[in-house]
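Per-entry structural report
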Amino acid sequence: MSQSLTLIQLISEQTMQNLLPVLRLKPARLVHLATPETVGRSNHIVEAARQAQVPVEATTHLLSRMPEMPETFGAVRAAIQHCRDQGQTPVVNFTGGTKLMSIGAFSAALNPNHRTLSLYVDTADEVFVDGRTAEGLADSGR
């Protein structure tokens, strides 16, 4: 497990795109951004990880019912900054949530003041795609 890695994720009804990076990256911490309709899914992801012998510390932040790009951008940017303030390495998984949420999360990871590693989980092709918002993910052997 990476003691300093924090995985920031958008939570949606489908949880596979959230669970797979947890199992592969083995982060020490998770930050889940969820809507009132998806907040319960966060607990399912954490429990599935625990049962797979990947215990993680998780924090869930509640977004509005239909978050748009600015709300998601702000929440992801704040999570990135908090991670860095704590000496952690943030990685943004912008796969889940709505398309507008994904764009907001990707934009926050790409922001010149906060360039952060990011990934997209392509479950159909069974691959992780480097978001190319910062250097290092493709080179890290993960």
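Everything discussed here concerns the structure shown above.
Residues numbered from 1 in each chain as written. Predicted model: local features only at pLDDT ≥ 70, side-chain atom pairs only at ≥ 80, totals over all residues. Heavy atoms only, no water.

1. Some remarks on the overall build of the protein chain
Looking only at helices and strands, the protein chain has 4 helices and 6 strands in total. If you list the helices and strands of the protein chain from N to C, you get β-α-β-α-β-α-β-α-β-β. With the C-alpha coordinates of the protein chain rotated into their principal frame, the extents come out at 35 × 35 × 35 Å. Expressed as a percentage of its 142 residues, the buried residues of the protein chain come to 46%. A separation of at least 24 residues holds for 67% of the contacts in the protein chain among residues at least 6 apart in sequence. Accessible surface for the protein chain amounts to roughly 7300 Å². Of this, 51% is attributable to carbon and sulfur atoms. Taken as two groups, the 12 positive and 13 negative side-chain charges of the protein chain have centres that lie 4 Å from each other. (Helix = DSSP H or I, 4+ residues; strand = E, 2+ residues; numbered from the N terminus. Buried < 20%, exposed > 50% of the residue type's maximum accessible area, 1.4 Å probe, protein only. Contact = heavy atoms within 4.5 Å. Areas by Shrake-Rupley, 256 points an atom, 1.4 Å probe, with all protein chains shown as cover. Lys, Arg positive; Asp, Glu negative; His and termini not counted. Charge placed at Lys NZ, Arg CZ, Asp CG, Glu CD.)

2. Side note on the pattern of salt bridges
Applying the stated criterion across every chain yields a total of 3 salt bridges. Among the ionic pairs, Glu-13 bridges to Arg-41, the shortest N-O distance being 2.8 Å. Separated by 28 residues along the polypeptide, Glu-13 in the loop between strand 1 (2–10) and helix 1 (16–25) and Arg-41 in helix 2 (residues 39–51) bring together distant segments of the chain. A relative accessible area of 30% means that Arg-41 is categorised as partly exposed. (Salt bridge = Lys/Arg side-chain N within 4 Å of Asp/Glu carboxyl O.)

3. Focus on the layout of surface pockets
The calculated volume of the largest pocket comes to roughly 200 Å³. Taken together, 15 residues line the largest pocket, and the ones lying closest to its centre are Leu-30, Val-31, Thr-59, His-61 and His-82. With 5 residues, helix 3 (residues 69–85) is the single largest residue contributor to the lining of the largest pocket. Split into classes, the residues belonging to the lining of the largest pocket amount to 7 nonpolar, 6 polar and 2 charged. (1 Å grid on protein atoms, 1.4 Å probe; cavity = no way out; pocket = protein on both sides within 12 Å on 5 of 7 lines; lining within 4 Å. Points joined across faces, edges and corners; volume = space filled by probe spheres on them. Nonpolar A, V, L, I, M, F, W, Y, C, P; charged D, E, K, R; others polar.)

4. A few points about the packing of aromatic side chains
Under the defined criterion, the tally for this structure stands at 2 aromatic pairs. Pairing Phe-94 with Phe-106 gives two aromatic rings, centres 5.2 Å apart and planes at 70 degrees, and the pair type is edge-to-face. Highlighted residues: Phe-94 in the loop between strand 4 (89–93) and helix 4 (99–110) and Phe-106 in helix 4, separated in sequence by 12 residues. When its relative accessible area of 13% is taken as the criterion, Phe-94 is described as buried. In this structure Phe-106 comes out as partly exposed when scored by relative accessible area, which is 28%. Aromatic side chains Phe-94 and Tyr-120 sit 6.0 Å apart centroid to centroid with 40 degrees between the ring planes, which places their arrangement in the tilted category. Separated by 26 residues along the polypeptide, Phe-94 in the loop between strand 4 and helix 4 and Tyr-120 in strand 5 (residues 117–122) bring together distant segments of the chain. (Phe/Tyr/Trp six-rings, centres within 6.5 Å; stacked < 30°, edge-to-face > 60°.)

5. Here we look at the packing of helix 3 against helix 4
Pairs of packed helices are described in terms of their axes, by the angle between the two and the distance that separates them. At a closest axis distance of 7 Å, the pairing of helix 3 and helix 4 adopts a crossing angle of 40 degrees. Taken together, the axes of helix 3 and helix 4 are oblique relative to one another. The interaxial crossing formed by helix 3 with helix 4 has right-handed handedness. Contact with helix 3, carried on its side by Met-69, Thr-72, Phe-73, Val-76, Arg-77 and Ile-80, involves Leu-100, Met-101, Ile-103, Gly-104, Ala-105, Ser-107, Ala-108 and Ala-109 of helix 4 and no other residues of that element. Residue classes in the contact of helix 3 with helix 4 are distributed as 10 nonpolar, 3 polar and 1 charged. (Axes fitted to C-alpha atoms, helices over the stretch in contact; angles between N-to-C directions. Parallel < 35°, antiparallel > 145°, perpendicular 65-115°, else oblique. Left-handed = near helix turned anticlockwise from the far one by under 90°.)

6. Some thoughts on the nonpolar core
Counting 18 residues, the largest nonpolar core has Leu-7, Val-22, Leu-25, Val-91 and Leu-119 as the members making the most contacts within it. Contributing elements (two or more residues each) for this core: strand 1, helix 1, strand 2 (27–34), helix 2 and strand 5. Sequence-distant contacts of Leu-7, defined by excluding residues within four places in its chain, comprise Pro-21, Val-22, Leu-25, Pro-27, Arg-29, Leu-30, Val-31, Val-91 and Asn-93. Membership of the second largest hydrophobic core comes to 17 residues, among which are Ala-79, Ile-80, Phe-94 and Ala-108. (Core = buried A, V, L, I, M, F, W, Y, C linked by side-chain atoms within 4.5 Å.)

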